[in-house]
Amino acid sequence: MPTPTAPVKPEAMDLSRPVKRDELSQGERWTRALTITVDGPAGSGKSTIARLLAESLGFNYVETGATYRALGWLALERGIPLDDGARLRGLAIAQPTVLGYEADRWVVRIAGVDVTDAIREPRIDDAASKVASHDGVRDVLVARQRQLSLDRDSVLDGRDCGTVVRPDADLKVFITADLEERARRRAGQQDELGTEQTTNVAAALAERDARDAKQSGAANDAVIVDTTNMGIDEGVQLALRTWLERRRELLDGERTQGRTAREWIDNEAGLANFDKTLKRTRPIWEKGFRLKAVGTERVPDGPCLFIANHASMWDPAFLITPLNRVIRYMGKAELAENRYVKNMADAIGFFPVRRGAGDRVALHIGEEVLRRGDSLGVFPEGTRVYEGRLARPRQGAARLALVTGVPIVPVAIYGNRWSESLFRVTVAFGRPHSFEGQRATPDNIRRATTEVWADVQELWDALRADRAF
Ligand code: DC
């Protein structure tokens with residue numbers, strides 16, 4: 001097994017030198033962020049497809065072309081000649097492009113200026129392409145693009161992402177289309193132009209293709225998608241399906257605590273004992289803990305993502321028992337060390353979170369669990385909380401809901417802490433929230449988390465008030 005190397009801290013990276021390959025392989029596959037590259041020529045639909053793919057998966061989107069465009073814009077702004085490679089390189093080192101969503105809008109900044117719209121002007125098509133022809137500039141921008149993609153699951157969109165920026169990518173897609181069709185699309189973007197202008201656009205595209213050719217090739221292991229006769233949606237669906245298949249392969253190769261990720265996802269042997277275990281343990285919860293539930297009628301029949309506060313290791317049983325159905329959980333790997341607990345955990349299809357590896361593996365398993373039609377329970381406080389108000393939730397669960405379209409049911413559990421008189425537990429199920437059709441952008445994920453957690457807090461406050469006599 002390879003020895004995991006320490007993750008590269010982005011701020012510690014020196015932008016003026018190329019990143020070495022060994023800095024890209026941060027230990028075992030699943031302890032590092034996953035990467036998809038989408039390359040292809042201008043007008044092929046690659047940027048739209050890459051962005052929508054990232055927003056469907058809740059991945060970070062890295063538009064590498066924007067770093068060349070922003071630099072081209074800044075060079076024009078400062079009067080730096082586009083053939084002066086040395087000065088352009090200095091500018092690139094001094095002014096790293098910043099990419100990201102700000103209040104639902106995709107924003108590109110350089111030198112503190114919002115250039116999101118300015119860099120789409122036709123004069124920048126040309127400037128970016130010229131800037132990109134200097135190797136010294138490319139080194140710096142490629143390092144910046146890697147830096148933007150190393151610490152989060154990312155979709156990179158560009159020309160050389162699969163070959164140069166992230167040759168270690170988990171999936172490489174190359175999108176292409178006939179020149180004529182690309183020119184038609186580009187002309188469409190630049191207002192409704194006539195045929196004559198379309199011919200001009202085609203000529204300009206051909207010229208840019210020729211200049212970009214050096215850095216624009218499909219990686220040997222890329223999946224080629226030709227969008228000439230395909231709508232954007234179809235392209236996105238194709239890329240999405242290809243990724244889900246690829247991830248399944250990755251999961252098949254992943255092993256935690258003696259089982260492959262696939263075995264954790266299905267856990268048929270464990271789940272076969274669900275009914276028996278529920279029947280046998282029901283008296284413990286209903287008599288021993290005087291478990292009561294309210295709001296069970298609000299819970300939809302299909303798969304749900306249950307989001308609850310967490311104080312007791314028996315919390316999963318408090319949700320499952322009143323609903324009488326399988327709810328899968330992720331939990332500390334140590335849980336499986338006690339044989340009795342392990343059998344119960346197996347019977348509800350528990351799967352482990354590896355400490356120190358981040359929640360990455362567990363979250364991908366969780367997503368597959370939801371995609372196969374099971375319900376999932378998540379305690380987004382991350383750890384059991386005993387005192388005062390509920391802790392701030394983490395956002396992984398909301399991301400899962402946005403990515404899979406499964407509704408979230410907020411749940412509060414009261415009486416599961418010693419300080420709240422244990423052995424009298426009440427569970428309140430809240431109104432389900434559906435996020436179907438919403439894109440998994442950082443803003444939407446944050447909003448969904450806040451919205452659902454406010455309900456959990458409100459339900460919990462009500463249960464507490466109810467007890468205060
Ligand atoms: O994808 P785009 O049109 O925004 O790219 C602008 C220019 O930047 C394009 O002419 C080629 C260059 N580019 C590059 O050389 N390498 C990349 N990874 C992305 C873009």
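Structural data are supplied above this passage.
Residues numbered from 1 in each chain as written. Predicted model: local features only at pLDDT ≥ 70, side-chain atom pairs only at ≥ 80, totals over all residues. Heavy atoms only, no water.

Colleague: What is the right way to look at the overall build of the protein chain in this model?
Modeller: The helix and strand tally for the protein chain stands at 17 helices and 17 strands. Within the span of the protein chain, comprising 469 residues, buried residues form 54% of the whole. A separation threshold of at least 6 residues defines the contact pool for the protein chain, and within that pool the share at least 24 residues apart is 74%. Here the protein chain has roughly 21200 Å² of accessible surface; of this, 50% comes from carbon and sulfur atoms. (Helix = DSSP H or I, 4+ residues; strand = E, 2+ residues; numbered from the N terminus. Buried < 20%, exposed > 50% of the residue type's maximum accessible area, 1.4 Å probe, protein only. Contact = heavy atoms within 4.5 Å. Areas by Shrake-Rupley, 256 points an atom, 1.4 Å probe, with all protein chains shown as cover.)

Colleague: Looking at this structure, how should I read the sheet that holds strand β11 (residues 292-294)?
Modeller: Strand pairing within a sheet occurs via backbone hydrogen bonds; the two strands may be parallel or antiparallel. Sheet architecture is open: seven strands sit in the order β11-β17-β16-β12-β15-β13-β14, paired in mixed fashion. With partners counted over all chains shown, the strands left at the sheet margins are β11 and β14 (351-353), one partner each. The mean inter-strand angle of the sheet, taken between neighbouring strand axes irrespective of direction, is 25°. Sitting on the sheet, helix α15 (residues 360-371) touches β12 (305-308), β13 (327-332), β14 and β15 (375-378), and the angle it makes with β14 is about 150°. Against the sheet, helix α17 (residues 442-467) makes contact with β12, β16 (408-414) and β17 (426-429), and its axis sits at roughly 30° relative to β16, the strand it touches most. (Pairing = 2+ DSSP bridges. Axes fitted to C-alpha atoms, helices over the stretch in contact; angles between N-to-C directions.)

Colleague: Please explain the sheet that holds strand β6 (residues 154-158) as it appears in this structure.
Modeller: One open sheet holds the five strands; their spatial order is β2-β6-β1-β7-β8, and the pairing between them is parallel. Single-partner strands in this sheet number two, and they are β2 (60-63) and β8 (223-226). Sheet twist, expressed as the average angle between the axes of neighbouring strands with direction ignored, equals 20°. Of the pairings in the sheet, the one linking strand β7 (residues 171-176) to β8 comprises four bridges and is parallel in character. Residue pairing across strands places Ile175 opposite Val225, the latter belonging to β8. Contacting β2 and β6, helix α2 (residues 64-78) crosses the sheet at an angle of about 45° to β2. Each of β2 and β6 touches helix α5 (residues 135-149); the most contacted strand, β2, lies at about 170° to it.

Colleague: Please clarify how the site of the ligand should be interpreted in this entry.
Modeller: The environment of the ligand is made up of 15 residues, and the closest members are Arg69, Arg138, Asp160, Asp212 and Gln215. Residue Arg159 places a side-chain N or O atom 2.9 Å away from an oxygen atom belonging to the ligand. A distance of 2.8 Å is found between a nitrogen atom of the ligand and a side-chain nitrogen or oxygen belonging to Asp160. Mapped by element, the contributors of at least two residues to the shell around the ligand are α2, α4 (122-131) and α8 (195-212). Take the shell around the ligand: its biggest share by element is four residues, from α2. Tallied by class, residues from the shell around the ligand come to three nonpolar, five polar and seven charged. (Near = heavy atom within 4 Å. Polar contact = N/O pair within 3.5 Å; in protein donor to acceptor, adjacent residues only side chain to side chain. Nonpolar A, V, L, I, M, F, W, Y, C, P; charged D, E, K, R; others polar.)

Colleague: Which parts of the structure should I look at to understand the side chain of Ser44?
Modeller: Along the chain, Ser44 turns up in the loop between β1 (35-39) and α1 (46-57). The exposure class of Ser44 is buried, given its relative accessible area of 1%. Leave out the neighbours within four places in its chain, and Ser44 touches Ile175, Thr176, Ala177, Arg182, Arg185 and Thr227.

Colleague: What am I meant to see in the pattern of salt bridges here?
Modeller: Opposite charge on two side chains makes pairing possible when the charged atoms of those side chains draw close. Summed over the entire model, instances satisfying the criterion amount to 35 salt bridges. Notably, a salt bridge pairs Arg184 with Glu181, separated by 3.0 Å at the nearest N-O pair. Linking Arg184 with Glu181, this pair stays in helix α7 (residues 179-189), spanning three residues, or about one helical turn. Taking relative accessible area as the criterion, Arg184 reaches 48% and is therefore assigned partly exposed. The salt bridge involving Asp443 is made with Arg446; its shortest N-O contact spans 3.2 Å. Residue Asp443 and its partner Arg446 are both found in helix α17; the two are separated by three residues, about one turn of the helix. A single salt-bridge network, built from bridges that share partners, covers Arg247, Arg248, Asp252, Arg262, Glu367, Glu368 and Arg371. (Salt bridge = Lys/Arg side-chain N within 4 Å of Asp/Glu carboxyl O.)

By themselves, these observations are geometric and do not establish any function.
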